[in-house]
Structures are given as structure tokens and as C-alpha cells.
Amino acid sequence: MTYADRMKYVVALGLAAALATPVAADKVKPPRFDVAVTAKGFEPATITVPAKTPVTLVFTRKTEATCTKSVIVTLDDGKKLERELPLDKAVAIDVTFAKAGTLGYACGMDMTKGVIVVR
Ligand SMILES: [Cu+2]
């Protein structure tokens, strides 16, 4: 094989690899579940999400009249994710729940509560 032939081979391989890469795969956005924090608490207070699928939970605090200035989401391995909730700012949490079950989220003081049904 000459050098030029080898280069053509390398280019062809690269092209094949590029064509084989699924273009859309990383452009598909995970399903999004919106939860607002209002004077009444979390709305909706219960969300139902799929198991074993990446999902995006989006919390938006819409009032100052609440103790819920942060949210703590409990994951199925018992870990807790805490995020500050600045007023009127959508805060996205990307998670994948491993198995079906009932989990929860709450304000930083564990007073205002919500439920995540994973199925
Ligand atoms: Cu609270």
C-alpha cells in the first residue's frame, strides 16, 4: 500500500465511523417534569416518572411566601440531592431512577413535601 492509499483508507474509516454514529441520540432531551413552588407548597405535589430512564426534574419557586427556598430530592439509593431555588429561576435536576418505587422531595427543613412515583 502506498502512503496515499493508506491515507485514503484512514479517511474512509473515519467517514464510516462518522456515518455510523447516531446523530440524534444525544439530541433527544429526557422527559421533563415541572414542579412549581407556590404559597400552597409544591405543585403538583406528586409526579410520576419512568424508571431506568433519564429524566429532568425542573423546580421553579414562584413566591417569596414560602419556606421552600431549596429542595431536597431523595434518590432510590438513599442519597439526597439538594438545590437552592432562587425566585423565578427554573432549576433543573437530571436524574435516572433505577427502580420502581415511591420517593420524595421536600423543602430544606423537610416540612413541605412532594412525592415522586417511579414506575
Ligand atoms: Cu420548609
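This text goes with the structure placed above it.
Scoring rules and cut-offs
Residues numbered from 1 in each chain as written. Predicted model: local features only at pLDDT ≥ 70, side-chain atom pairs only at ≥ 80, totals over all residues. Core = buried A, V, L, I, M, F, W, Y, C linked by C-beta atoms within 7 Å. Buried ≥ 20, exposed ≤ 12 C-beta atoms within 10 Å, placed from the backbone. Helix = DSSP H or I, 4+ residues; strand = E, 2+ residues; numbered from the N terminus. Contact = placed C-beta atoms within 7 Å. Pairing = 2+ DSSP bridges. Axes fitted to C-alpha atoms, helices over the stretch in contact; angles between N-to-C directions.

A. Structural context of the nonpolar core. In this structure, V35, V37, F42, L57, F59, V71, V73, L85, Y105, C107 and I116 together form the largest nonpolar core, which totals 11 residues. Among the secondary structure elements, those contributing two or more residues to this core are β1 (32-38), β4 (54-61), β5 (70-74) and β8 (101-107). Not counting chain neighbours up to four residues away, the residues in contact with F59 comprise V35, V37, V71, R83, L85 and V91.

B. Structural view of the pairing of β4. Judged from the six bridges that link them, β1 and β4 form a sheet pairing that is parallel. Residue pairing in the sheet places F33 in a bridge with L57 of β4. Bridge count for β4 against strand β7 (residues 90-96) is seven bridges, and the pairing is antiparallel. Bridge pairing in β7 links P54 to T96.

C. Focus on the sheet that holds β8. The strand order across the open sheet built from five strands is β3-β9-β8-β5-β6, with neighbouring strands paired in mixed fashion. For this open sheet the edge positions go to β3 (46-49) and β6 (80-84), each flanked by a neighbour on one side alone. Strand-to-strand twist across the sheet, computed as the mean angle between neighbouring axes with direction ignored, equals 20 degrees. Pairing geometry for β8 and strand β9 (residues 113-118), over six bridges, is antiparallel. Looking across to β9, one finds that T102 is bridged to V117.

D. Broad picture of the sheet that holds β4. Pairing is mixed across the open sheet formed by four strands, whose spatial order is β2-β1-β4-β7. Bordering the open sheet on either side are β2 (41-43) and β7, each of which pairs with just one other strand. On average, each strand axis in the sheet is tilted by 25 degrees relative to the strand beside it, whichever way the strands run.

E. Broad picture of the pairing of β8. Of the strand pairs in this sheet, β5 and β8 are connected by three bridges, and their pairing is antiparallel. Bridge assignment links I72 to a residue of β8, and that residue is A106.

F. Spotlight on unusual backbone geometry. Residue E43 is joined to P44 through a cis peptide bond whose omega torsion reads -5 degrees. Relative to the helices and strands, P44 resides in the loop between β2 and β3. A positive phi angle, close to 60 degrees, is found at D88, a residue other than glycine. Mapped onto the fold, D88 is located in the loop between β6 and β7. Residue classification places D88 among the exposed residues on the basis of 9 C-beta atoms within 10 Å. Positive phi outside glycine occurs at D110, with the angle close to 60 degrees. One can find D110 in the loop between β8 and β9.

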